[in-house]
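Take a look at the letters that make up each chain.
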Amino acid sequence: MSCCASCKPKTKVLAVILDLDGTLLDTERATKGILKDFLAKYGKQVDGEREDKKRLGMTQKDSAAGICKDYDLPLTPDQYIKEITPMYREKWLQAKPLPGANRLIKHLHKHGVPFALASNSLQEYIDAKISHQRGWKEYFSVILGSDQVKSGKPSPYLFEEAAKRMGVDAAQCLVIEDSLVGVRAANAAKMKVVAVPPHSEADCSSLADSVLHSLLEFQPELWGLPPFEDWVDNALPIEPIHVRGVSVTGSVCEVSENGTPALRDQVFGFYFGWAKVDVQKSFKVMVSIGWDHCSCISKRKFHICIIDGNNEHLSHHQIQLLLVGYLRGLNSKDITSMNVEVLEDYKSIASASLDLPMFLHHACEPLFPEASPEDSFCSDEKE
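Think of each chain on its own: its residues are numbered from 1, step by step along the sequence as written. Residue-level local features of this predicted model are given only where pLDDT is at least 70; pairs of side-chain atoms are given and counted only at 80 or more, and the full residue set underlies all totals for whole chains, interfaces and linings. Hydrogens and waters are ignored; side-chain quantities use all the structure's heavy atoms.

Structurally, Gln123 is set in helix H7 (residues 123-130). Each residue's exposure class comes from its accessible area (1.4 Å probe, protein chains only) as a fraction of the maximum for that residue type: buried when under 20%, exposed when over 50%, partly exposed otherwise. Exposure remark for Gln123: the relative accessible area of 17% places this residue in the buried category. Two residues form a contact once any of their heavy atoms are found within 4.5 Å. Not counting the four nearest positions on each side in its chain, Gln123 is found in contact with Ile143, Leu144, Gly145, Asp147 and Gln148. Put simply, DSSP marks the helices as runs of H or I at least four residues long and the strands as runs of E at least two long, and each gets a number from the N terminus on.

Let us now look at the pairing of strand S1 (residues 15-18). The alternating pattern of S1 places Ala15 and Ile17 and Val16 and Leu18 on opposite faces, both of which are buried. Of the strand pairs in this sheet, S1 and strand S4 (residues 173-177) are connected by four bridges, and their pairing is parallel. Bridge assignment links Ile17 to a residue of S4, and that residue is Val175. Of the pairings in the sheet, the one linking S1 to strand S2 (residues 115-118) comprises three bridges and is parallel in character. Paired with Ile17 across the two strands is Ala116, which belongs to S2. Pairing between two strands is assigned when DSSP locates at least 2 bridges connecting them.

With that out of the way, let us pick up the pattern of salt bridges. Salt bridges are defined as contacts in which a side-chain nitrogen from Lys or Arg sits within 4 Å of a carboxyl oxygen from Asp or Glu. All chains considered together, the criterion is met by 13 salt bridges. Here Lys129 makes a salt bridge to Asp21, at a shortest N to O gap of 3.0 Å. Of this pair, Lys129 sits in helix H7 while Asp21 sits in the loop between S1 and helix H1 (27-30), and the two are 108 residues apart along the sequence. Residue class for Asp21 comes out partly exposed when judged on its relative accessible area of 22%. Put simply, Glu124 and Arg89 hold a salt bridge, and the shortest N to O gap is 2.7 Å. Placement of Glu124 in helix H7 and of Arg89 in helix H5 (residues 77-92) is noted, with a sequence separation of 35 residues between them. Counted as one network, the salt bridges with shared partners bring together Asp26, Glu28, Arg29 and Arg264.

Looking now at unusual backbone geometry. Here Lys153 and Pro154 are connected by a cis peptide whose omega angle stands at 15°. Along the chain, Pro154 falls in the loop between strand S3 (142-144) and helix H9 (157-166). Even without a glycine there, the phi angle at Asp72 is positive, about 50°. Here Asp233, not a glycine, exhibits a phi torsion of approximately 50°, which is positive. Here Asp233 shows up in the loop between strand S6 (210-211) and strand S7 (236-248).

The next subject is the pairing of strand S5 (residues 192-195). For a regular strand, side chains alternate in direction, first toward one face of the sheet and then toward the other. Here S4 pairs with S5 via four bridges, running parallel. Counterpart to Leu174 in the pairing with S5 is Lys192. Every crossover in which the path from the first strand over the helix to the second runs clockwise, viewed with the strands pointing away from the viewer, is termed right-handed. A crossover connection joins S4 to the parallel S5 through helix H10 (residues 180-188); in handedness this β-α-β unit is right-handed. Where S5 lies against S6, two bridges are found, and the strand directions are parallel. Bridge assignment links Val194 to a residue of S6, and that residue is Ser210.

Along helix H4 (residues 60-70), the residues that are buried comprise Ser63, Ala64, Gly66, Ile67 and Cys68. Asp72 sits one or two residues past H4 and shows a positive phi near 50°.

We now examine the packing of H5 against H7. When two helices pack together, their arrangement is given by the angle between the helix axes and the distance between those axes. In this analysis an axis means a line fitted to C-alpha atoms, helices contributing only their contacting stretch, and an angle means the value between N-to-C directions, from 0 to 180 degrees. It is at 9 Å that the axes of H5 and H7 come closest, and there the two elements cross at 25°. Here H5 is positioned roughly parallel relative to H7, judged by the angle of their axes. The chirality of how H5 crosses H7 is right-handed. Note on element contacts: H7 touches H5 through Glu124, Tyr125, Ala128 and Lys129, opposite Ile81, Thr85, Arg89 and Trp92. Considering only residue class, the contact of H5 with H7 consists of four nonpolar, one polar and three charged. Throughout, the term roughly parallel applies to angles under 35 degrees, roughly antiparallel to angles over 145, roughly perpendicular to angles from 65 to 115, and oblique to all others. Crossing chirality is assigned from the near helix's rotation relative to the far helix, an anticlockwise turn below a right angle marking it left-handed and a clockwise turn marking it right-handed. Gly falls in the polar group here, along with every residue not listed as nonpolar (Ala, Val, Leu, Ile, Met, Phe, Trp, Tyr, Cys, Pro) or charged (Asp, Glu, Lys, Arg).

Attention now goes to the packing of aromatic side chains. A pair of aromatic rings is counted whenever rings of Phe, Tyr or Trp (Trp by its six-membered ring) have centres within 6.5 Å, and the orientation is called stacked for planes under 30 degrees apart, edge-to-face for over 60 and tilted otherwise. Using the criterion set out here, one finds nine aromatic pairs in the structure. Judged by centre distance (4.9 Å) and plane angle (55°), the rings of Phe115 and Phe140 are tilted. With Phe115 in strand S2 and Phe140 in the loop between helix H8 (136-139) and S3, this residue pair connects regions lying 25 residues apart in the sequence. Both residues of the pair, Phe115 and Phe140, belong to the buried class. Seen from their ring centres, Trp231 and Tyr326 are 6.2 Å apart, and the 55° between their planes marks the pair as tilted. Taken together, the positions of Trp231 in the loop between S6 and S7 and Tyr326 in strand S12 (residues 317-328) put the pair 95 residues apart, joining distant regions of the chain. Looking at Trp231, the relative accessible area reads 34%, which means it is partly exposed. Counting every residue linked through ring pairs, the aromatic cluster contains Phe38, Tyr42 and Tyr80. We call a charge positioned over a ring when the NZ of a Lys or the CZ of an Arg lies within 6 Å of the ring centre and within 35 degrees of the ring normal. Above the face of the Phe228 ring, Arg103 is positioned so that its terminal group lies 3.5 Å from the ring centre.

Right, dumping it as structure tokens:
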């Protein structure tokens with residue numbers, strides 16, 4: 001799931017069009033549970049499987065009409081929207097950028113590449129969602145909602161209008177999307193498209209020019225755009241990622257939050273940082289995060305490798321991970337079957353990086369937002 005040399009466009013890309021929900025901003029996780037609470041008021045129970053797959057990428061009106069019909073609500077779609085919208089607005093403020101989102105936005109802006117935000121959300125909702133994201137509203141060349149065109153995705157109008165407002169031909173635009181609906185819209189607009197889908201939307205792979213697990217894997221130079229310049233000796237500084245789990249012989253079972261995995265699907269690849277074991281000792285670690293397809297149900301798979309020691313310290317313990325750097329995406333080989341020399345090389349890069357101020361300063365931050373300042377890695381003796 002990556003772009004290769006054959007993916008290079010024949011026509012140079014001059015502008016980028018980005019989706020919002022699920023591509024740049026984790027609004028889905030922030031608003032998890034709202035529909036359940038809303039339906040409970042009417043004596044209904046949410047169908048999780050249906051909602052996870054059926055509504056993704058739909059316009060608000062289509063989604064509202066579908067929910068009123070599917071759950072036999074005594075409401076019109078407009079009444080439903082009026083009642084539930086304030087609940088969503090409150091939670092949108094808590095939505096966090098997905099890995100690599102801020103990095104990409106700042107990079108395009110720094111290099112003067114025109115880039116637009118094109119979402120199936122209404123314009124006023126887009127404004128509400130990005131209002132707490134520093135610089136986003138100012139950086140985008142164009143911001144478009146589905147209420148500003150004839151119809152939203154999968155129709156091509158949003159992307160075509162974005163290209164028109166940026167003064168760039170459709171053939172010279174690159175779309176970055178997370179859903180099948182968005183990829184189809186990009187195809188209809190005759191634009192190049194990179195998909196960064198969640199695990200449940202893997203079926204959009206065949207329609208995209210390139211499919212990535214994470215925006216951290218995106219290589220602008222493959223599309224004729226300026227390359228990233230933020231790698232530090234083969235390590236990439238990232239916004240800190242916090243994970244709670246239980247370690248069993250180096251593998252971690254992630255602790256979910258209200259039945260929902262703490263991490264988005266787009267957290268994928270080789271990372272490094274610190275592991276805190278039973279709130280006592282901390283270790284430098286390298287962590288691979290991927291998917292286990294050995295069973296009928298795909299599960300998130302974590303594998304931890306202590307950099308300056310052995311994994312005996314981790315067996316059957318509560319563990320807290322603070323990941324501050326990224327090395328690369330995963331391929332078909334798991335970290336346990338990698339060439340030993342390659343693995344040692346990654347461990348060496350990670351170890352040296354964690355001693356640099358740009359990575360080390362995160363160790364003195366609280367492990368989790370609700371934790372006290374004393375509950376950090378710098379207060380411990382590092383192993």
